[in-house]
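# Structural overview for review
Residue-level listing of the chains:
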Amino acid sequence: MVSIRLAKKEDTKNIVDFFSRMYRLNSEFDPLLNNPENLEERVSKSVDKSLENPDEIIVVAEDNGKIVGTARVIVHERSFYFPDREAIIEEFYVHPAYRRQGVGKDIISFIEEELEKRGIQLLSANFPSRNVIASSFYKKMGFREIHSKYVKRIY
Amino acid sequence: MKDPVELSKKYEGKIEIYPKIPITSYDDFSLIYTPGVAEVSKAIYKDPEKSFELTSRWNTIAVVTDGTRVLGLGRIGPTAAMPVMEGKSLLFKYLGGVDAIPLPINVKSADEFISVVKALETSFGGINLEDIESPKCFYILEKLQSMLEIPVWHDDQQGTAGAILAGLINAMILTNKDPKESKVVLYGAGASNIATARILAEYGFKLENMIMIDSKGPLYSTREDIDHLMLHHRWKYELAVKTNGYEVKEIKDAFSGADVVISASTPGPNVIKKEWVSVMNKNAIVFALANPIPEILPQDAKEAGAKIVATGRSDFPNQVNNSLIFPAVFRGVLDSRAKSVTDKMVISASEALAEFARRKGINENYIIPRMDEWEAYYEVASAIASKAVELGLARNNKSREEFREIAKQRILRARKIMGLVVTIWSA
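### A look at the interface of chain B and chain A
Tallying the contact residues gives 14 residues for chain B and 13 residues for chain A. In total, about 1,100 Å² of surface goes out of reach between chain B and chain A, with carbon and sulfur atoms giving 48% of it. Considering only the surface of chain B that becomes buried against chain A, B:Glu224, B:Asp227 and B:Leu231 emerge as the three largest contributors, covering 41% of it. Scanning the region where chain B abuts chain A turns up three salt bridges. The partner of A:Arg99 in a salt bridge is B:Asp227, with the nearest N and O atoms 2.8 Å apart.

### Comments concerning a nonpolar patch on the surface
Residues B:Ile21, B:Ile23, B:Tyr26, B:Phe29, B:Leu31, B:Ile32 and B:Tyr33 make up a contiguous nonpolar surface patch of about 830 Å² in total accessible area. With respect to the secondary-structure elements, B:Ile23 resides in the loop between helix 1 (4–11) and helix 2 (28–32).

### As for the packing of helix 17 (residues 375–390) of chain B against helix 18 (residues 400–426) of chain B
Residue and element names in this part refer to chain B. Packing of helix 17 against helix 18 leaves a shortest axis separation of 8 Å and a crossing angle of 135°. Classed by the angle they form, the pair helix 17 and helix 18 counts as oblique. For the crossing formed where helix 17 meets helix 18, the hand is right-handed. For the pair formed by helix 17 and helix 18, the contact residues are Tyr377, Tyr378, Glu379, Ala381, Ser382, Ala383, Ala385, Ser386 and Val389 on the first element and Arg400, Phe403, Arg404, Ala407, Lys408, Ile411 and Leu412 on the second. The residue inventory of the contact of helix 17 with helix 18, partitioned by class, reads 10 nonpolar, two polar and four charged.

### Regarding the packing of aromatic side chains
The final tally for this structure, using the stated rule, is 17 aromatic pairs over all chains. Judged by centre distance (6.0 Å) and plane angle (45°), the rings of B:Tyr187 and B:Trp276 are tilted. Pair noted here: B:Tyr187 is in strand 5 (residues 184–187) and B:Trp276 is in helix 13 (residues 274–278), with a separation of 89 residues, a long-range link. Where B:Phe255 meets B:Trp276, the ring centres are 5.4 Å apart and the plane angle is 35°; that geometry is what we call tilted. Of this pair, B:Phe255 sits in helix 12 (residues 251–255) while B:Trp276 sits in helix 13, and the two are 21 residues apart along the sequence. The class for B:Trp276 is buried, based on a relative accessible area of 8%. Every member of this aromatic cluster is reached through a ring pair, and the members are A:Phe92, A:Phe127, A:Phe137, A:Tyr138 and A:Phe143. When the ring centre of A:Tyr93 is taken as origin, the NZ or CZ atom of A:Arg99, which lies over that ring, is 5.2 Å away.

### Thoughts on helix 4 (residues 132–140) of chain A
Residues and elements named next belong to chain A. Looking at helix 4, one finds that the buried residues are Ala134, Ser135 and Tyr138. When helix 4 is viewed along its axis, its buried side chains cluster within an angular range of 95° and face the same direction. Residues of helix 4 that are exposed and angled more than 90 degrees away from the buried face: Val132, Lys139 and Lys140. Packing partners of the buried residues in helix 4 comprise strand 4 (85–94), helix 3 (103–117) and strand 5 (122–125). Measuring from the side-chain oxygen of the N-cap residue of helix 4 to the backbone nitrogen of Ile133 gives 3.1 Å; that N-cap residue is Asn131. After helix 4 finishes, the residue Gly142 shows a positive phi value of roughly 95°.

### A word on the pattern of salt bridges
Inspection of every chain in the model, using the stated rule, returns 44 salt bridges over all chains. The network of salt bridges with common partners includes B:Asp214, B:Lys216, B:Arg223, B:Asp225 and B:Lys236.

### Points about the pairing of strand 8 (residues 260–263) of chain B
Residue and element names in this part refer to chain B. Both faces of strand 8 are covered, namely the face carrying Val260 and Ile262 and the face carrying Val261 and Ser263. Direction of pairing for strand 5 relative to strand 8: parallel, over a ladder of four bridges. Bridged to Val185 within strand 8 is Val261. As judged from the four bridges shared by strand 8 and strand 9 (residues 284–288), these two strands associate in the parallel manner. Directly across from Val260, in strand 9, lies its bridge partner Ile285.

The rules behind the values
- Residues numbered from 1 in each chain as written.
- Chains lettered and ligands numbered in written order.
- Predicted model: local features only at pLDDT ≥ 70, side-chain atom pairs only at ≥ 80, totals over all residues.
- Heavy atoms only, no water.
- Contact = heavy atoms within 4.5 Å.
- Buried area = accessible area lost by both parts, 1.4 Å probe.
- Salt bridge = Lys/Arg side-chain N within 4 Å of Asp/Glu carboxyl O.
- Patch = residues over 30% accessible without salt bridge, like charges linked within 9 Å, V, L, I, M, F, W, Y side chains within 5 Å.
- Areas by Shrake-Rupley, 256 points an atom, 1.4 Å probe, with all protein chains shown as cover.
- Helix = DSSP H or I, 4+ residues; strand = E, 2+ residues; numbered from the N terminus.
- Axes fitted to C-alpha atoms, helices over the stretch in contact; angles between N-to-C directions.
- Parallel < 35°, antiparallel > 145°, perpendicular 65-115°, else oblique.
- Left-handed = near helix turned anticlockwise from the far one by under 90°.
- Nonpolar A, V, L, I, M, F, W, Y, C, P; charged D, E, K, R; others polar.
- Phe/Tyr/Trp six-rings, centres within 6.5 Å; stacked < 30°, edge-to-face > 60°.
- Buried < 20%, exposed > 50% of the residue type's maximum accessible area, 1.4 Å probe, protein only.
- Lys NZ or Arg CZ within 6 Å of the ring centre and 35° of its normal.
- Arc of directions from axis to C-beta.
- Polar contact = N/O pair within 3.5 Å; in protein donor to acceptor, adjacent residues only side chain to side chain.
- Pairing = 2+ DSSP bridges.

Written out as structure tokens, the structure reads:
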């Protein structure tokens with residue numbers, strides 16, 4: 001039985017592994033998403049900071065003590081819009097053996113409840129445009145496109 | 001004549017088409033062609049299913065390739081693939097009485113391949129896909145099977161898997177092993193081993209008890225390249241997630257305590273090491289199917305403790321060869337006018353082959369019939385045809401005995417005509 005909870009310090013190793021896998025997967029979609037060589041090290045530092053930052057939430061899915069999924073949201077200010085705060089899902093990864101079993105859906109529900117407690121009304125997700133698996137997942141979860149980001153390499 | 005190029009030069013190819021209807025007078029022309037033929041067309045226009053009765057469609061299949069993975073030669077293209085497709089067509093006729101048209105097609109993408117074959121559907125009773133690179137072959141097979149109302153078969157997947165299962169059924173009986181409890185190593189993750197995993201699971205082996213090994217080692221659900229596989233090789237990805245309940249990461253650990261190894265990898269010898277076989281379970285079964293040299297030589301496998309060894313070669317005992325499967329499968333699907341060919345039908349073919357061998361008396365060196373045991377083909381054809389009836393996929397409902405007799409007559413007829421060819425050419 002998979003359950004969802006907020007991440008703890010001792011989950012760091014698994015979270016770093018999963019987030020790093022996600023960033024490597026992202027690099028498959030677009031050469032502009034190439035990873036640095038010390039990816040794990042960087043992710044590890046950022047996860048450590050997140051766990052201490054009240055504006056960042058990391059959740060984990062757990063099955064009998066084993067981490068099988070994880071996601072991180074970062075809260076941003078929206079100075080020119082209302083509501084004025086928005087949480088963005090920056091990382092989302094489910095262990096391959098646990099995919100297509102509703103774990104992703106449970107993670108999203110947990111994040112929504114957690115944000116509601118904090119009075120945050122907006123949740124969005126950041127992922128490569130070419131990742132059709134992610135776009136179909138978020139559409140199924142009730143998300144819709146609001147902004148587009150166009151990128152150009154200058155040199 | 002021992003030279004295949006000289007042989008091809010002498011005969012200028014391997015097959016040709018001859019009419020079935022005798023022409024004895026001038027009046028016959030108006031019956032076989034215009035104006036009489038219009039009546040036949042009108043009948044088919046009213047009921048397209050009649051094309052299986054009034055034309056040769058009922059016994060004609062296409063052997064289609066894009067030439068991207070021909071035998072051991074790789075991507076040699078459709079033109080160079082023709083001799084292989086012609087050879088296959090000859091086997092279809094000789095072993096199954098099936099009229100097979102070699103059809104290498106010049107296409108660039110999988111979707112283009114699919115649309116060409118879809119457009120050919122009206123002319124054929126079945127499609128035999130051949131020598132297409134992986135993973136494209138899985139996508140093409142799945143798509144065409146879902147789109148077409150005639151059986152679509154990929155011999156490198158289903159034919160090989162069917163022959164493997166046939167041999168394995170008897171090897172398991174001889175060694176007193178239970179499919180549900182047995183640990184199976186699949187060495188190699190190409191088209192045939194991936195199809196074999198699927199067919200074995202359908203037969204009763206457990207996916208979690210299987211370990212598939214590719215060039216990087218055992219597949220498991222957290223392997224570093226797992227997400228790459230999800231994007232680029234969905235079929236291998238699915239197996240990586242569902243197999244290897246032991247979560248072993250090293251080849252030697254995969255072999256440890258295994259009951260069966262099925263290898264469809266690169267030619268040996270010594271691709272599979274004796275020390276790996278030596279850590280397998282008691283009465284181990286080793287199928288080393290690479291040609292021309294098995295991944296491990298039978299003698300070496302036996303020295304390392306294997307009880308039963310099968311290879312792809314006819315000069316060793318227990319030749320596991322898809323030629324035992326595909327001619328009879330098509331005989332069966334054509335005789336029953338089946339709308340498709342499913343994994344359950346493949347399994348019934350394997351069971352029929354295995355049973356045929358058991359009736360003769362199985363032993364360590366005889367787990368599967370030899371290619372020249374002609375009656376095996378009638379058994380497999382009738383098993384396939386009656387399974388199609390049972391599954392509601394047949395347009396022609398007959399008993400297994402009737403199908404066996406039909407298959408026998410048609411295969412014997414083909415062989416008799418081929419006998420005439422021999423007489424004419426040697427005159």
